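As a plain string of letters, each chain reads:
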Amino acid sequence: MDMEILKWFTKYDTYVKAKMSQVKQVGLLAAGCQPWNKDVCAASGDRFAYCATLAIYVYQLDHRYNEFKLRAIMSEHKKTITAISWCPHNPDMFASASADNLVIIWNVAEQKVVARLDSTKGMPASLSWCWNSGDAVAFVSHRGPLYIWTISGPDSGVAVHKEAHSFLSDICLFRWHPRKKGKVVFGHTDGSLSIFQPGCKSQKHVLRPESLEGTDEEDPVTALEWDPLSTDYLLVANLHNGIRLVDSESLSCITTFSFPSAAASVQCLAWVPTAPGMFITGDSQVGVLRVWNVSKTTPIDNFKLKKTGFHALHVLNSPPKKKTQSPTKNHHTSSTSEAVPPPTLTQNHAFSLPPGHAVCCFMDGGVGLYDMGAKKWDFLRDLGHIETIFDCKFKPDDVLIYWLRSFDGNN
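Residues numbered from 1 in each chain as written. Predicted model: local features only at pLDDT ≥ 70, side-chain atom pairs only at ≥ 80, totals over all residues. Heavy atoms only, no water.

### Digging into the sheet that holds strand 14 (residues 184–188)
Here's step 1: The strand order across the open sheet formed by 4 strands is 13-14-15-16, and the pairing between neighbours is antiparallel. One side of each edge strand has no neighbouring strand; the edge strands of this open sheet are strand 13 (171–176) and strand 16 (203–206). Averaged over all adjacent pairs, the angle separating strand axes in this sheet is 15°, with direction ignored.
Here's step 2: Sheet topology places strand 13 next to strand 14; 5 bridges connect them, and they run antiparallel. Bridge assignment links Trp176 to a residue of strand 14, and that residue is Val184. (Pairing = 2+ DSSP bridges. Helix = DSSP H or I, 4+ residues; strand = E, 2+ residues; numbered from the N terminus. Axes fitted to C-alpha atoms, helices over the stretch in contact; angles between N-to-C directions.)

Structural data, given as C-alpha cells:
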C-alpha cells in the first residue's frame, strides 16, 4: 500500500512539474514611486530609475523600438529606501540608502550589488555621489555631519567632512556642484542654506527668505539645484516662499519668481539641459508642470498633467528620438507602450519647448515620461501602490481584470 502511494505521489509530482514548466509571466504591475523621501528619482544617459518603498525600478531606452522598457528591479533593502544617486562618471553605477542605516552601490548592467556599507552612523536621509571623485558617495542624517564613503583605493573607508557638521536645523537635501570641485550646498527645514567650498569661509544657515528673518517660523527647502552653466548661481524653492535664484558667492537673491496663484507651492524642480536658463517645476498640491526661464519672473507656460501633486522630477539628457511610425498602428507592446491619452493642455501655440523628456513622479505613486516638446506623455502609469499589497482577486467573469488591496488604501 505504501509503495502504491509513493508511486501516485511520484506521478503527481511529475505532472505538476510538467504543468509548471508551461507557466510563463505575461505581465508585470510595477509598484508606484514612494512619496516619503526627496531623492527617489534619478537618471543617466538612456536610463532612469525610481524608488518604490523597498525596490528600485530601472527603465532603459530600447533603441530598436525607441521606447523605455523596464530593465531591472533592484531589491536588496529591507527597510524604506531613503535616497538614490546616479554616478556622474559611470552610467552603470548608482547608489541607494535606506532607513536601516544601509548604503548600497549597484551595477545596473550586471544587476548586482558592488559594495555595501552597513550600520552607518545615523540614518542616511539624503545621499549624493561626489562629483569630484569617481568612487565616493556622501550621505547625511537629519542634523549631520556629512559622511563621505570612499569605496575603493588607498583612502577607502568613511570620513567626516571637516566643516559640514553641527547644523542648527534639519537637512532636507544637499547638492554637490557639478563643476566647482568640493562645493556643496545644504537646504534646511528652517528655510536657510549652508554652503561649503574648499578655501572659502563656511556659510551656515544663510539666505533664508526675507519674510522669515527675525522669526522662528520654518519654511522647508523643497528643491535645490545648481545652475549647470554657472559656478555660483543656485535655484532654491521653499514650501511657502516659492522659488529664488540666488548667488552663493555674494549671498544675495538675484530673482524672486512669482506664481499665478498664491495657493501654488513647489515640490520639485529641474533644469532643462537643452535650453540654457530654462527650468521646470512641479506643484505640490496639483500635478501642474510649469516652465520657466531665468529672464522672466513668471512661468512661460503651465500644463496640468494630473489631479495629484508632484513628488519628483528629472529631465533626461538623452531623450528618445521622435517616433516615425503611425501612432494608430501597434507594432509592439511593452511595459511602457500602453500610455493613457494626454490630458488637456494649454493652447499656447506661439511658444515651443525645446526637445526634452521629464520623468514625473506623483504623490499617488504614478510615474510617467512626459515629452515636453510634443506636449504629450510617452507613457504614463497613472498610479501605483506605494505600500504592501496584501490581497489579490481575479474577477470571476473576466480573467483580464483583477482587484488588489494595499495598506495605502488604494484598490
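### A word on the state of the cysteines
Here's step 1: Scanning the entire structure with this criterion turns up 0 disulfides.
Here's step 2: No disulfide involves Cys130; its sulfur sits 10.0 Å from that of Cys87, the nearest cysteine.
Here's step 3: Using a relative accessible area of 2% as the deciding quantity, one classes Cys130 as buried. (Disulfide = S-S within 2.5 Å. Buried < 20%, exposed > 50% of the residue type's maximum accessible area, 1.4 Å probe, protein only.)

### Digging into the confidence of the model for the chain
Here's step 1: Per-residue pLDDT for the chain averages 85, and the proportion of residues at 70 or more is 78%.
Here's step 2: In the predicted structure, residues 324–350 sits below a pLDDT of 50 and forms 44 contacts with residues beyond four places in sequence or in another chain. (pLDDT = per-residue confidence, 0-100. Contact = heavy atoms within 4.5 Å.)

### Quick word on the side chain of His205
Here's step 1: Within the secondary structure layout, His205 lies in strand 16.
Here's step 2: Residues in contact with His205, not counting those within four places in the same chain, are Phe167, Leu168, Ser169, His188, Asp190, Ser192, Leu193 and Ser194.

### Describing the side chain of Arg208
Here's step 1: Take Arg208: it is sitting in the loop between strand 16 and strand 17 (221–226).
Here's step 2: Comment: no salt bridge for buried Arg208; closest opposite-charge side chain is Asp190, at 4.4 Å.
Here's step 3: In this structure the side chain of Arg208 is engaged in a polar contact, spanning 3.3 Å, whose partner is the backbone oxygen of Thr215.
Here's step 4: If we skip the residues at most four places from it in the chain, Arg208 touches Asp190, Gly191, Ser192, Glu213, Thr215, Glu217 and Arg244. (Lys, Arg positive; Asp, Glu negative; His and termini not counted. Salt bridge = Lys/Arg side-chain N within 4 Å of Asp/Glu carboxyl O. Polar contact = N/O pair within 3.5 Å; in protein donor to acceptor, adjacent residues only side chain to side chain.)

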